[in-house]
Amino acid sequence: MADLELAEKRSSFLDEMIVAFHRHLPFQTISNMAIAPEDRDVPSWEQIKEDMYSGRGGICYALNYFACELLRSLGFSVYLVSGMTDVERDNPHVIVIVDGLVRRGDVHLVDVGLGYATLRAVSLDFPNESPLFEDSFQPYKYVRLKEEDPAGGIYRKYARLHKRIKNNDPRHFPVVVDGWAHVYHFDMEPKSLDELNESFSTQIYRNLRLPVSRTLRIVHWVNGRATAVRNNSLLREEDDTGGEGKGRHLRDTPLRTDDEIVAAILDRFSCFSEELLRQAINVWRNLPDVK
């Protein structure tokens, strides 16, 4: 009984920590956007800690790496895996895996760096697919994918899918099957930091073909509702007509000038200086066209 109570407390604590990450450490591309593309690179561990302690957050590499090291320091058995968020382009993503959260051998996913809400640790111990989660405006689930290796074995491979409903979701996902958009897929092979650094340095921080490298974006969740600035739009999560329980969408308010973009961010995310924001906006507006 004592072991079960401890496991339940560990699971509850982890979910609370995940919610706090989404609230206080935004997914944002501003820090990277403020740097000229040719000078961008993966941040050092010291820079990641500084960004997290100051409340600036970052993209998936920084957020999930920090979450993994924090959980490790608290006694959780964790490791990082990598996936792809775009099946048409090399767009890597990093995810935290927690072993033995509730019982020996179980596996949970933690993702505080996607830019969409995942407000819980998601069990991956399902036969075919997880329950449908509606943490925010975008319903999602995880599914198992079967893929054989050359030796005839079966990889443990998973994908995250979003239900394509009318919710003003600004992201475009190129693969949609039966109303479900393929957001990312991953396998369970642990990745070293050196392996992650190599892929993220070339494909995320410097590759201007990818939205994360050429989009000005910041988002967090307060009480489970998203507030974001994406390029020249302020996005706020609201209930659909009909009230609570009828679904949610993002209300889009145009930001027509640089001053309006700066004000919208500073009003909601006070961890940035106006100077850095204007520098990021200037770089964003002058990015070269890339096919």
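Residues numbered from 1 in each chain as written. Predicted model: local features only at pLDDT ≥ 70, side-chain atom pairs only at ≥ 80, totals over all residues. Heavy atoms only, no water.

**A look at the sheet that holds strand E11 (residues 225–230)**
Applied cut-off: Pairing between strands is defined by DSSP: at least two bridges between them are needed. Runs of H or I in DSSP of at least four residues are treated as helices and runs of E of at least two as strands, each being numbered from the N terminus. When checking whether two residues touch, look at their non-hydrogen atoms; a contact exists if any pair is within 4.5 Å. Note on geometry: axes are lines fitted to C-alpha atoms, helical ones only across the stretch in contact, with angles between N-to-C directions running from 0 to 180 degrees.
Spatially, E1-E10-E11-E12-E13 is the arrangement adopted by the 5 strands of the open sheet, whose pairing is antiparallel. Each edge of the open sheet is held by one strand with a lone partner, namely strand E1 (27–28) and strand E13 (248–254). Looking at chain direction, E1 and strand E10 (residues 217–222) are connected through 2 bridges and run antiparallel. Across the sheet, the residue bridging to Phe27 is Val219, located in E10. Across the sheet, helix H7 (residues 258–268) lies against E10, E11, strand E12 (233–239) and E13, angled at about 150° from E11, the strand it touches most.

**Quick word on empty space enclosed by the protein**
Inclusion rule: Buried and open spaces are told apart on a 1 Å grid over the protein atoms alone, a cavity being a set of points where a 1.4 Å probe fits but cannot get out and a pocket being an open set with protein on both sides within 12 Å along at least five of seven lines. Residues with an atom within 4 Å of a point are the lining residues. Grid points are joined across faces, edges and corners, and a volume is the space filled by probe spheres set on the points. Basically, the charged four are Asp, Glu, Lys and Arg, the nonpolar ten are Ala, Val, Leu, Ile, Met, Phe, Trp, Tyr, Cys and Pro, and anything else, Gly included, counts as polar.
Scanning the entire structure with this criterion turns up 4 cavities of 30 Å³ or more. In this structure, the largest cavity spans a volume of roughly 190 Å³. Around the largest cavity sit 16 residues that line it, and Phe27, Thr85, Asn91, Leu114 and Val212 are the ones nearest its centre. Of all the secondary-structure elements, those providing two or more residues to the lining of the largest cavity are strand E3 (92–99) and helix H6 (211–214). Of the residues that constitute the lining of the largest cavity, the class distribution is 10 nonpolar, 4 polar and 2 charged.

**Things to note about helix H8 (residues 274–285)**
As a reminder, the rule being used: The span you would expect from a helix comes to 1.5 Å times its residue count less one. With a 1.4 Å probe rolled over the protein chains alone, any residue whose accessible area is under 20% of its type maximum counts as buried; one over 50% counts as exposed, and the rest are partly exposed. Picture the helix axis, draw a direction to every C-beta atom, and the arc is the one those directions span.
Taking 1.5 Å of rise per residue, the 12 residues of H8 would be expected to cover 16 Å, and the 16 Å separating its terminal C-alpha atoms lies within 8% of that figure. Three or more residues of H8 are buried, namely Leu277, Ala280, Ile281, Val283 and Trp284. For H8, the buried positions fall inside an angular range of 165° around the axis, keeping them on one side. On the buried face of H8, the contacting elements are helix H2 (30–33), H6 and H7.

**Side note on the pairing of E10**
In terms of burial, E10 is a largely internal element, 5 of the 6 residues being buried. Direction of pairing for E10 relative to E11: antiparallel, over a ladder of 6 bridges. Looking at E11, one finds that His220 is bridged to Thr227. Once E10 ends, the chain turns through 2 residues before running back antiparallel as E11, passing Asn223 with a positive phi of about 55°.

**Thoughts on the layout of surface pockets**
Of the volumes computed, that of the largest pocket is approximately 330 Å³. Contributing to the lining of the largest pocket are 19 residues, with Ser31, Asn32, Ile35, Pro43 and Asp51 lying nearest its centre. Contributions of two or more residues to the lining of the largest pocket are made by H2, helix H3 (45–53) and H8. For the lining of the largest pocket, the class distribution of residues is 7 nonpolar, 7 polar and 5 charged. The space that makes up the second largest pocket amounts to roughly 230 Å³. Around the second largest pocket, the lining is made up of 15 residues, and of these Ser82, Gly83, Met84, Pro92 and Ser199 lie nearest the centre. Those elements that place two or more of their residues in the lining of the second largest pocket are strand E2 (77–84), strand E9 (180–187) and helix H5 (193–203). Looking at the lining of the second largest pocket element by element, the count peaks at 5 residues for H5. Across the lining of the second largest pocket, the residue classes tally to 4 nonpolar, 6 polar and 5 charged.

**Considering the pattern of salt bridges**
Note the cut-off: Any Lys or Arg side-chain nitrogen found within 4 Å of a carboxyl oxygen on Asp or Glu counts as a salt bridge.
The final tally for this structure, using the stated rule, is 13 salt bridges. Across the pair Lys49 and Glu46 runs a salt bridge whose closest N-O atoms are separated by 3.2 Å. With Lys49 and Glu46 both in helix H3 and 3 residues apart, the pair spans about one turn of that helix. Classification of Glu46 as exposed rests on a relative accessible area of 53%. In this structure, the salt-bridge partner of Glu237 is Arg248, at a minimum N-O distance of 3.1 Å. With a gap of 11 residues between them, Glu237 in strand E12 and Arg248 in strand E13 connect regions that are remote in the sequence. Each member of the salt-bridge network shares a partner with another, and the members are Glu50, Asp51 and Arg56.

**Regarding the packing of helix H4 (residues 60–73) against H5**
For the record, the criterion: The scheme is simple: roughly parallel for angles under 35 degrees, roughly antiparallel for over 145, roughly perpendicular for 65 to 115, oblique for anything else. Whether a crossing is left-handed or right-handed is set by the direction in which the near helix is turned from the far one by less than a right angle, anticlockwise for left-handed and clockwise for right-handed.
Interaxial distance between H4 and H5 falls to 12 Å at its minimum, and their mutual angle equals 165°. When the axis of H4 is compared with that of H5, the two are roughly antiparallel. Here H4 runs over H5; the crossing is left-handed. Two secondary-structure elements touch here, H4 through Cys60, Tyr61 and Tyr65 and H5 through Leu193, Leu196, Asn197 and Phe200.

**Quick look at the packing of aromatic side chains**
Going by this rule: Ring pairs are drawn from Phe, Tyr and Trp, using the six-membered ring of Trp, whenever the two centres fall within 6.5 Å, and their geometry is named by plane angle: stacked under 30 degrees, edge-to-face over 60, tilted for the rest. Here, a charge over a ring means that NZ of Lys or CZ of Arg falls within 6 Å of the ring centre while also lying within 35 degrees of the ring normal.
Taken as a whole, this structure holds 14 aromatic pairs when the rule is applied. Geometrically, the ring pair formed by Phe126 and Tyr158 is edge-to-face, given 5.8 Å between the ring centres and 85° between the ring planes. Residue Phe126 is found in the loop between strand E5 (122–123) and strand E6 (140–145), and its partner Tyr158 is found in strand E7 (residues 157–163); the two are separated by 32 residues along the sequence. Each residue in the set Phe21, Trp45, Tyr53, Tyr61, Tyr65, Phe66 and Phe200 is aromatic and connected to the rest through ring pairs, giving one cluster. Above the face of the Phe126 ring, Arg144 is positioned so that its terminal group lies 6.0 Å from the ring centre. Note that Arg160 overlies the ring of Tyr140, its terminal NZ or CZ placed 3.9 Å from the centroid.

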